[in-house]
Every structure is written in structure tokens, then in C-alpha cells.
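If you want the building blocks of each chain, they are given just below.
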Amino acid sequence: MIECLFRYCMKVNLPNMYTDIEEFEYILKSARSVRRKLDFDRPISHEDIEACIDVAVQAPTGISGENWRFLVITETELKARIAKIYCEIMREISSGRGIELKSTQRALMERLHEIPCMIMVYAIGEPDDNLSSQVGFFGSILPAAWSLMLAMRARGIGTTWTSLLSARPDSIARILGV
């Protein structure tokens, strides 16, 4: 069985999979966190969201496997409550570290509640305390989140990491009812 799979993989001709390698590399090179230039007025279709999530679930996984889930939030009140928590955490980090927030961070904080949708990428369960367990756990979810961001970037949709929300998982879970 392994030999058969190996032969199948060897038949894949990667250079011919992409119609334009320069376009693909541009997506990779330009996929930064967008904070200041997010398009707050552009609606994002359900079809685009589903297509991007479909790309994301093809991401490589660690030992924890496919333990991720995607939660799409479009309700104004929920986005506002999540944005408020995000801003609180950013201010705490800034104050605690004695650093001033960047203008791009302030711009995102001012308008985060206005974005068309938030997509939360969750992992089921929690890693053990040992490092290898944590690497396997997060090594399964971060590639999926990154693939989601790249798929959105390819469609001209800006994204940004809001991973600091993981500092208040219970608050976020209560807001979302998960």
C-alpha cells in the first residue's frame, strides 16, 4: 500500500499545477496582516467564504489531525463584543510591555467591529503541557488558518491575525455560545 501511494505521489507534476507561478508567489509574498487598508464596505459572499474554507481544510496537519473548525461571524453585535475584547487585550499588552501601539494596530482597533465577517479557526481540545504535544496541536491548526488567509488573499480579501483573542478563550466562547 505504501509503495502504491508513493508511486501515485511521484506522478504529480507540481510545476504544471499552477497556471502562473509568479501570481502564486505574489500571493505568498503579499499576504501580510492587513490592518489599516481593510475594505470594510465590501461584502464577502458565502461562496467565497466556503471556497476559502475548502482550501483551508486541505492544509497539512500534525499528529493531532484535522481537529479544526471554522466559525463565521457576521452578526454586528457579536463582532462588536469580540472587537471590544481584542482592544482591551491590545491595550493591556501595550501597557504591560511599556510600548506604544503601531498606527496600523490602532487603525484596526478603531474599526475591527466594522469588518464584514470574522472567521474564527478553532481546534478541538487542548494540548498537553509538554512541548511536543503543543507543536503537534498548533501544527495542525496554524497551517489551516494560514491557508484560509492565503485563499482569501487570492480573492483580494484582506485578513489579519487576531490570535491574541486566545488570551480570553472563556470570554470569546461565552459570546459565541461554544
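Parameters at a glance
- Residues numbered from 1 in each chain as written.
- Predicted model: local features only at pLDDT ≥ 70, side-chain atom pairs only at ≥ 80, totals over all residues.
- Heavy atoms only, no water.
- pLDDT = per-residue confidence, 0-100.
- Helix = DSSP H or I, 4+ residues; strand = E, 2+ residues; numbered from the N terminus.
- Contact = heavy atoms within 4.5 Å.
- Salt bridge = Lys/Arg side-chain N within 4 Å of Asp/Glu carboxyl O.
- Buried < 20%, exposed > 50% of the residue type's maximum accessible area, 1.4 Å probe, protein only.
- Patch = residues over 30% accessible without salt bridge, like charges linked within 9 Å, V, L, I, M, F, W, Y side chains within 5 Å.
- Areas by Shrake-Rupley, 256 points an atom, 1.4 Å probe, with all protein chains shown as cover.
- Lys, Arg positive; Asp, Glu negative; His and termini not counted.
- Charge placed at Lys NZ, Arg CZ, Asp CG, Glu CD.
- 1 Å grid on protein atoms, 1.4 Å probe; cavity = no way out; pocket = protein on both sides within 12 Å on 5 of 7 lines; lining within 4 Å.
- Points joined across faces, edges and corners; volume = space filled by probe spheres on them.
- Axes fitted to C-alpha atoms, helices over the stretch in contact; angles between N-to-C directions.
- Parallel < 35°, antiparallel > 145°, perpendicular 65-115°, else oblique.
- Left-handed = near helix turned anticlockwise from the far one by under 90°.
- Core = buried A, V, L, I, M, F, W, Y, C linked by side-chain atoms within 4.5 Å.

A. Representation of the confidence of the model for the chain in the model. The pLDDT averaged across the chain works out to 83; a share of 84% of its residues lies at or above 70. When pLDDT is averaged over each element of the chain, helix α4 (residues 76–97) comes out on top at 96 and helix α1 (residues 2–10) at the bottom at 42. Counting interchain partners and residues more than four positions distant, the pLDDT-below-50 stretch residues 1–12 has 1 contact.

B. Inspection of the pattern of salt bridges at higher detail. A full pass over the atoms with the stated rule returns 6 salt bridges. For R81, the salt bridge is made with E77, and the minimal N-O distance between the two is 3.2 Å. Placement of the pair is R81 and E77 together in helix α4, with a separation of 4 residues, close to one helical turn. The residue E114 makes a salt bridge to R111 at a minimum N-O spacing of 2.7 Å. Judged by its relative accessible area of 32%, R111 falls in the partly exposed class.

C. Quick peek at the environment of T160. Examined against the element boundaries, T160 turns out to sit in the loop between α6 (131–154) and α7 (169–176). Residue T160 is classed as buried on the basis of its relative accessible area, which comes to 18%. Measuring from C-alpha to C-alpha, the distance between T160 and L38 comes to 9.1 Å, with 122 residues separating the pair along the chain.

D. Highlighting a negative patch on the surface. A contiguous patch of negative charge on the surface is contributed by D20, E22, E23 and E25. Residue position: D20 is located in the loop between α1 and α2 (21–30).

E. Expanded view of the layout of surface pockets. Taken as a whole, the largest pocket spans an internal volume of roughly 1,400 Å³. Forming the walls of the largest pocket are 43 residues, and the residues nearest its centre are I119, M120, V121, T162 and S163. With 9 residues, the single largest contributor to the lining of the largest pocket is α6.

F. Region of interest: the packing of α2 against α6. It is the contact of α2 with α6, at a shortest axis distance of 10 Å, that shows an interaxial angle of 120 degrees. Classified by the angle between their axes, α2 and α6 sit oblique to one another. Between α2 and α6 the crossing geometry is right-handed. For the pair α2 and α6, the contacting residues are Y26, I27, L28 and S30 in the first and L150, R153 and A154 in the second.

G. View of the nonpolar core. Membership of the largest hydrophobic core comes to 23 residues, with the highest contact counts inside it found for I82, Y86, L165 and L176. Elements represented by at least two residues in this core include exactly α4, α5 (103–111), β2 (118–123) and α7. If you tally residues by element for this core, the top one is α4, at 8 residues. Dropping the residues within four chain positions of it, L165 is found in contact with I82, I85, Y86, I89, M120 and I172.

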